[in-house]
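# Survey of secondary and tertiary structure
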Amino acid sequence: ECPLCLLPQPPEAFPRLASCSHRSCWGCLEQYLCLAVRESRVPVSCPHCPAALLPADVHRLLPEPALRDKYEEFLLRRLLVADPGTRWCPAPDCSPPQARFLVTLSCAGLGVPREGCGTEFCYHCRQPWHPDGPCAPAPSLASPTAQPEESAHGEALPQGESSRDGAEDIKVCPRCSAFIMKINDGSCNRMNCTVCGCLFCWLCLREISDVHFLSPSGCTFWGKRPWSRTRRILWQLGMVLGAPMVISLAAGVAVPVITIGIPIYMGRKVLAGGPGSRRSSLSGCQQCLSVTSSVLLSLFVSPIITALTVGLGVPLVLTYVYGTVVLSLCR
């Protein structure tokens, strides 16, 4: 049975994939690949896991030659746009698409005519060729350094906020400069560029790590704009000054809760066995002995768990507050 269409199929209808061991019928894989290529979701992952399908399997399963050409074109674009040394020809009618990329060049200040196009542009700023002057900064849409937008009443709006609540906002990927649109509704600010695969923060347009939204930088996981400088400094000062009291309070609550809560939980867990469990076949004395032994064992283990939790958690929190937060304040 195919796990996608849930129809019984003969064994020969399930092609083998070199990237993983998952099996789906030929028709479902064809439809899945056609949809993925038309939506430019390249490389294409397996419909059951994150493993990327190999180009040989994609070519074997795609039914139309035009879709195979599109797949190769998207692969080439992703490869070239992820290379910081390539450049995109700014002429809108330059074709074919793969010819619009310029190979890496190291000459300072170079006007490059694209073969078959004739457009001359600067390799460094990607603006029209300017042999007699320095590179001028190119204007970018919704860049974090751009001037705030003005509303109809002449008041500057907060940085990164559109004049229409919920309107679409357009920014550029910090790695490949591809235009990305997001509805300004305060949803998740963790963005993934579909062109180069860059993971970046929508608020500050910087490539992020897993702890980016935990750092006191003002960027929030949800929200339409980062915190203001005043709010960020007040929050950091509050963390630095209030950390000892909060940590002491948390440790004072956690120690008795863990020490007493684990034995109670284990006793209730053993006592609440169902009718089909092994405990239901025990006598009353055996059940009492089982509950007592589990509680006594928990009483022995719970102080160890408490010591490890407090002994590791408190130093980590103190290191973060008086290390990362203090350094952020000093900047």
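Cut-offs used in this document
- Residues numbered from 1 in each chain as written.
- Predicted model: local features only at pLDDT ≥ 70, side-chain atom pairs only at ≥ 80, totals over all residues.
- Heavy atoms only, no water.
- UniProt positions renumbered as here; feature names shortened; annotations may be inferred.
- Helix = DSSP H or I, 4+ residues; strand = E, 2+ residues; numbered from the N terminus.
- Buried < 20%, exposed > 50% of the residue type's maximum accessible area, 1.4 Å probe, protein only.
- Contact = heavy atoms within 4.5 Å.
- Core = buried A, V, L, I, M, F, W, Y, C linked by side-chain atoms within 4.5 Å.
- Axes fitted to C-alpha atoms, helices over the stretch in contact; angles between N-to-C directions.
- Parallel < 35°, antiparallel > 145°, perpendicular 65-115°, else oblique.
- Left-handed = near helix turned anticlockwise from the far one by under 90°.
- Nonpolar A, V, L, I, M, F, W, Y, C, P; charged D, E, K, R; others polar.
- Salt bridge = Lys/Arg side-chain N within 4 Å of Asp/Glu carboxyl O.
- Expected span 1.5 Å × (residues − 1).
- Polar contact = N/O pair within 3.5 Å; in protein donor to acceptor, adjacent residues only side chain to side chain.
- Arc of directions from axis to C-beta.
- Patch = residues over 30% accessible without salt bridge, like charges linked within 9 Å, V, L, I, M, F, W, Y side chains within 5 Å.
- Areas by Shrake-Rupley, 256 points an atom, 1.4 Å probe, with all protein chains shown as cover.
- pLDDT = per-residue confidence, 0-100.

Under the annotation held in an unreviewed UniProt entry, the protein chain carries the name RBR-type E3 ubiquitin transferase and is attributed to Sylvia atricapilla. In its Catalytic activity (unreviewed entry) section, UniProt records this for the protein chain: "[E2 ubiquitin-conjugating enzyme]-S-ubiquitinyl-L-cysteine + [acceptor protein]-L-lysine = [E2 ubiquitin-conjugating enzyme]-L-cysteine + [acceptor protein]-N(6)-ubiquitinyl-L-lysine."

## Let's talk about the overall build of the protein chain
Helix and strand counts for the protein chain come out as five helices and eight strands. Overall, the protein chain shows an N-to-C arrangement of helices and strands of α-α-α-β-β-β-β-β-β-β-β-α-α. Per-residue burial over the protein chain gives 29% buried out of 331 residues. Considering only contacts within the protein chain whose residues lie at least 6 apart along the sequence, 42% involve residues at least 24 apart.

## Re the nonpolar core
With 19 residues, the main nonpolar core has Leu33, Val44, Leu53, Leu62 and Tyr71 as its most contacted residues. Breaking this core down by element, the ones donating at least two residues are α1 (26-38), α2 (55-61) and α3 (65-81). At six residues, the largest contribution of residues to this core is made by α1. Contacts of Leu33, omitting those with residues within four sequence positions, involve Val44, Leu53, Val58, Leu61 and Leu62. One finds Ala178, Cys198, Phe200 and Leu205 within the second-largest nonpolar core, a separate group that totals twelve residues.

## Describing the packing of α1 against α3
Interhelical geometry of α1 versus α3 gives an angle of 50° and a closest axis separation of 10 Å. Accordingly, the angle class assigned to the pair α1 and α3 is oblique. Between α1 and α3 lies a crossing of left-handed hand. Residues Cys34, Val37 and Arg38 of α1 form the contact with α3, whose participating residues are Leu67, Lys70, Tyr71 and Phe74. Residue composition of the contact of α1 with α3, grouped by class: five nonpolar, no polar and two charged.

## Looking at the pattern of salt bridges
Across all of its chains, the model carries three salt bridges by this definition. The shortest N-O distance in the salt bridge between Arg41 and Glu39 comes to 2.9 Å. Of the residues examined, Arg41 reaches a relative accessible area of 37% and is grouped as partly exposed. Using a relative accessible area of 44% as the deciding quantity, one classes Glu39 as partly exposed.

## Considering α1
The first and last C-alpha atoms of α1 sit 18 Å apart over 13 residues, in line with the 18 Å expected at 1.5 Å per residue. Phi turns positive, to about 60°, at Ser40, one or two residues after α1.

## Quick notes on the side chain of Ser24
Looking at the element boundaries, Ser24 is found in the segment before α1. Of the polar contacts made by the side chain of Ser24, one reaches the side chain of His48; its length is 2.6 Å. Apart from the residues within four sequence positions on either side, Ser24 is in contact with Cys2, Pro3, Leu4, Ala13, Phe14, Pro15, Leu29, Pro47 and His48.

## Some details on α3
Between its terminal C-alpha atoms α3 stretches 24 Å, which fits the 24 Å expected from 17 residues at 1.5 Å a residue. Of the positions making up α3, those classed as buried are Leu67, Tyr71, Phe74 and Val81. The arc enclosing the buried residues of α3, seen along the axis, measures out at 115°, which places them on a common side. Of the exposed residues in α3, those oriented more than 90 degrees away from the buried face are Pro65, Asp69 and Leu79.

## Structural notes on a nonpolar patch on the surface
Residues Leu297, Phe300, Val301, Ile304, Ile305, Leu308 and Leu312 make up a contiguous nonpolar surface patch of roughly 680 Å² in combined accessible area. Mapping Phe300 onto the fold places it in helix α5 (residues 284-330). Owing to a relative accessible area of 58%, Phe300 belongs among the exposed residues under this scheme.

## Regarding the confidence of the model for the protein chain
Across the protein chain, pLDDT averages 75, with 76% of residues at or above 70. In this model, residues 103-109 is a region of pLDDT below 50 whose contacts with residues beyond four sequence positions or in other chains number 13 contacts. Throughout residues 140-164 the model reports pLDDT below 50, and contacts reaching past four residues in sequence, or to other chains, amount to 35 contacts.

## Digging into the environment of Cys20
Here Cys20 lies in the segment before α1. Taking relative accessible area as the criterion, Cys20 reaches 16% and is therefore assigned buried. With sequence-adjacent residues up to four places away left out, Cys20 is seen in contact with Cys46, Cys49 and Ala51.

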